[in-house]
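Architecture and fold: a report
Here is what each chain is made of, one letter per residue.
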Amino acid sequence: MNTLPTSNVARLKRNLGLWHVIIIGLAYIQPMTLFDTFGMVSRDSGGHVPMSYLFALVAILLTSISYGHMIRAYPSSGSAYTYTQKAINPSMGFMVGWSSWLDYLLSPMVNIILAVLYLEALFPSVNHWVWVIGLTALMTGVNLFGSKVVAYFNSWIVFVQLIVIAVFTYLIYTKLGMGLYADGTLKEDAYQLWSLKPFWDEMTSVGALITGATILCFSFTGFDSISSLAEETKDVKNTLPKAMILTTLIAGIVFIISAYFMQTFLPSDPTIYFKAVDETQAEILLLVGGSAFQAIVLGFAIVTVMASGISAHAGVSRLMYVMGRDGVISNKIFGKIHPKLLTPVNNILIAGAVALTAGFIKLETVVDLISFGALTAFSFVNLSVIFRYAIRDKMVTSAKEIFNYVIVPVLGFIAIFLMWLKVDGTTFSVGLFWAALGFVWLGIKTAGFKKPVPQYKESDV
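Residues numbered from 1 in each chain as written. Predicted model: local features only at pLDDT ≥ 70, side-chain atom pairs only at ≥ 80, totals over all residues. Heavy atoms only, no water.

So, on to empty space enclosed by the protein. The tally for this structure, following the rule as stated, stands at 1 cavity of 30 Å³ or more. Counted as a void, the largest cavity has a volume near 80 Å³. The wall of the largest cavity is formed by Tyr28, Ile29, Gln30, Thr33, Ser107, Val110, Asn111, Leu114, Phe218, Thr221 and Ser308. For the lining of the largest cavity, the elements supplying multiple residues, two or more each, are helix H1 (18–29) and helix H5 (90–122). For the lining of the largest cavity, the element with the most residues is H5, which contributes 4 residues. For the lining of the largest cavity, the per-class residue count stands at 5 nonpolar, 6 polar and no charged. (1 Å grid on protein atoms, 1.4 Å probe; cavity = no way out; pocket = protein on both sides within 12 Å on 5 of 7 lines; lining within 4 Å. Points joined across faces, edges and corners; volume = space filled by probe spheres on them. Helix = DSSP H or I, 4+ residues; strand = E, 2+ residues; numbered from the N terminus. Nonpolar A, V, L, I, M, F, W, Y, C, P; charged D, E, K, R; others polar.)

The next thing to look at is a nonpolar patch on the surface. Side chains of Val396, Ile402, Phe403, Ile407, Val410, Leu411, Ile414, Phe417, Leu418 and Leu421 sit close together on the surface and give an oily, nonpolar patch of about 810 Å² of accessible area. Note that isoleucine 407 resides in helix H15 (residues 399–420). (Patch = residues over 30% accessible without salt bridge, like charges linked within 9 Å, V, L, I, M, F, W, Y side chains within 5 Å. Areas by Shrake-Rupley, 256 points an atom, 1.4 Å probe, with all protein chains shown as cover. Salt bridge = Lys/Arg side-chain N within 4 Å of Asp/Glu carboxyl O.)

Of the residues in the chain, 89% have a pLDDT of 70 or more, and the chain-wide mean is 82. Looking at the elements of the chain, mean pLDDT is at its lowest for helix H9 (residues 222–225), recorded as 70, and at its highest for H15, recorded as 93. (pLDDT = per-residue confidence, 0-100.)

Next up on the list: the side chain of threonine 84. Secondary-structure assignment places threonine 84 in helix H4 (residues 80–87). Within the local environment of threonine 84, its side chain forms a polar contact with the backbone oxygen of alanine 80, the two atoms lying 2.9 Å apart. For threonine 84, the residues in contact, after removing those within four places along its chain, are Asn89, Met92, Gly93, Val96, Phe380 and Ser384. (Polar contact = N/O pair within 3.5 Å; in protein donor to acceptor, adjacent residues only side chain to side chain. Contact = heavy atoms within 4.5 Å.)

Ranked by size, the top nonpolar core spans 114 residues in total, and within it Phe35, Tyr53, Tyr67, Ile112, Phe168, Ile284 and Phe378 carry the most contacts. Counting 21 residues, the second-largest nonpolar core is a separate cluster that includes Trp101, Met320, Tyr321 and Ile329. (Core = buried A, V, L, I, M, F, W, Y, C linked by side-chain atoms within 4.5 Å. Buried < 20%, exposed > 50% of the residue type's maximum accessible area, 1.4 Å probe, protein only.)

Before going further, it helps to examine the environment of asparagine 382. Within the secondary structure, asparagine 382 is located in helix H14 (residues 363–392). Residue asparagine 382 is classed as buried on the basis of its relative accessible area of 0%. Sequence separation between asparagine 382 and histidine 69 is 313 residues; the distance between their C-alpha atoms is 9.6 Å. Not counting residues up to four positions away in its chain, the partners in contact with asparagine 382 are Leu62, Thr63, Ser66, Pro409, Gly412, Phe413 and Ile416.

With that settled, consider unusual backbone geometry. With phi around 55°, alanine 447 is a residue other than glycine that occupies positive phi space. Mapped onto the elements, alanine 447 comes out in the segment after helix H16 (425–445).

With respect to the helices and strands, serine 66 occurs in helix H3 (residues 49–73). Looking at serine 66, the relative accessible area reads 0%, which means it is buried. Not counting chain neighbours up to four residues away, the residues in contact with serine 66 comprise Val381, Asn382, Val385 and Pro409.

With 21 residues, H16 should reach 30 Å at 1.5 Å per residue; the first-to-last C-alpha distance of 30 Å fits that figure. Regarding H16, the residues found buried are Thr427, Gly431, Ala435, Gly438, Leu442 and Gly443. Each buried residue of H16 lies within a common arc of 150° when the element is viewed along its axis, so the set occupies one face. What points out from H16, more than 90 degrees from its buried face, is the exposed set Thr426, Phe433, Val440 and Ile444. In this fold, the buried residues of H16 make contact with H5 and H14. (Expected span 1.5 Å × (residues − 1). Arc of directions from axis to C-beta.)

Moving on: the packing of aromatic side chains. According to the stated counting rule, one finds 18 aromatic pairs in the structure shown. When the centroid spacing of 5.7 Å and the interplanar angle of 40° are considered together, the rings of phenylalanine 94 and tryptophan 98 count as tilted. Here the residue phenylalanine 94 and the residue tryptophan 98 both occupy positions in helix H5, the gap between them amounting to 4 residues, near one helical turn. Comparing phenylalanine 94 with tryptophan 98 shows no difference in burial state: the two are buried. Between the aromatic rings of tryptophan 98 and tryptophan 434, the centroid separation amounts to 4.8 Å while the plane-to-plane angle is 25°, which identifies the pairing as stacked. Of this pair, tryptophan 98 sits in helix H5 while tryptophan 434 sits in helix H16, and the two are 336 residues apart along the sequence. (Phe/Tyr/Trp six-rings, centres within 6.5 Å; stacked < 30°, edge-to-face > 60°.)

What follows deals with the environment of glycine 309. Mapped onto the secondary structure, glycine 309 falls in helix H11 (residues 281–326). Using a relative accessible area of 0% as the deciding quantity, one classes glycine 309 as buried. When the C-alpha positions of glycine 309 and methionine 109 are compared, they lie 7.4 Å apart, and in sequence the two are 200 residues distant. Apart from residues lying up to four places away in sequence, glycine 309 is in contact with Pro108, Asn111 and Met139.

Attention now moves to the packing of H5 against helix H13 (residues 345–355). Between H5 and H13, the shortest axis-to-axis distance is 8 Å and the interhelical angle comes to 50°. Here H5 is positioned oblique relative to H13, judged by the angle of their axes. Here H5 and H13 pass one another in a crossing that is right-handed. Counted together, Leu105, Met109 and Ile112 of H5 and Ala351, Val354 and Ala355 of H13 form the full contact between these two elements. Looking at the contact of H5 with H13, its residues break down into 6 nonpolar, no polar and no charged. (Axes fitted to C-alpha atoms, helices over the stretch in contact; angles between N-to-C directions. Parallel < 35°, antiparallel > 145°, perpendicular 65-115°, else oblique. Left-handed = near helix turned anticlockwise from the far one by under 90°.)

Below you can see the structure in the form of structure tokens.
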């Protein structure tokens, strides 16, 4: 076990309040991502995107409550890695952290890919590597100067995103009010403006809804990134649980309302409307608002995905810092805080280097892999609540405790497990291969599992 001194080393600076944390979470989620995922979720859910969002929201909301319980017990930037390590088992914690690393490390890359797609739509003659390198450098540079800078940078971007979504939804509302649908014809009797059909009809398949929700886990991954800010947040045990629930609710409500109008406007097979169902933002903006609206929003979307990427970059650098500080990966490389910037500079630079590979990888592939890592973390956070509070501390003596520490996490785990059943086979294989690499590395670090898993020596809060 590491016995590093805790008093004479640089630490992350606690300067984030509730609003700062919510903004970072919303920026990470990036509300405008609903334009990018709409086509593939509409295809996989059978034309019931808002219902898939509703299922995902319930699952994530239950899980966010579990995260809140664990943050109060272990206010560490290690997130699911630390919770599983402390509540269940150090070896299991390492494996969860390793799997979460896949999710966190690829998240900044998604935003680079999206930004490049938008820039190529606006400037098709420019080589995409110009955008990949330039945007990665910007994302890395902002993160070097700390999480509060990230919050200030993101606050106005989140606000404008919500305005864009509101305008977009209003444009659809006015078209539907006139009986005008995506194919340009008037269908006054074909589809009612207020209808349950986007949520449920005679053709609805529960399995298809869950498949869509599995993809949409990617849309909500920002809520769990908030936990990685535990060591930079003031009054962490009160602020972070509130921030996680509020971030999830705000994003979920925006997604469901907007998706309802989008699905009503585009009720048919998405392949009818879109050339590429996994890259629909540019086409749907043109369809709803025209070329001028498309150009303006795409220009702003470049900024929004960068805001999300900056938040994702901050999250993965903190996870690597905690794992490095523990000694399960190199402490010399990953476990250091810069004495002046008070940020994990090495990790920020490494995450930036990984983001450069965005020039080679397709969006749908990265989204699927992120969902694998996210589902792993969500599953074990729910289990950690049960192990810590119900089994270890035996806090099941009242109805309230049974509800908080057994019923809620069990329901959260079941909801996440249903989405596990719909994970793409190739994605599952790649995720298992990544996990196998982690298992081998753990065996090396523990001398064939004979030594205990390294942990940072500090108070077990």
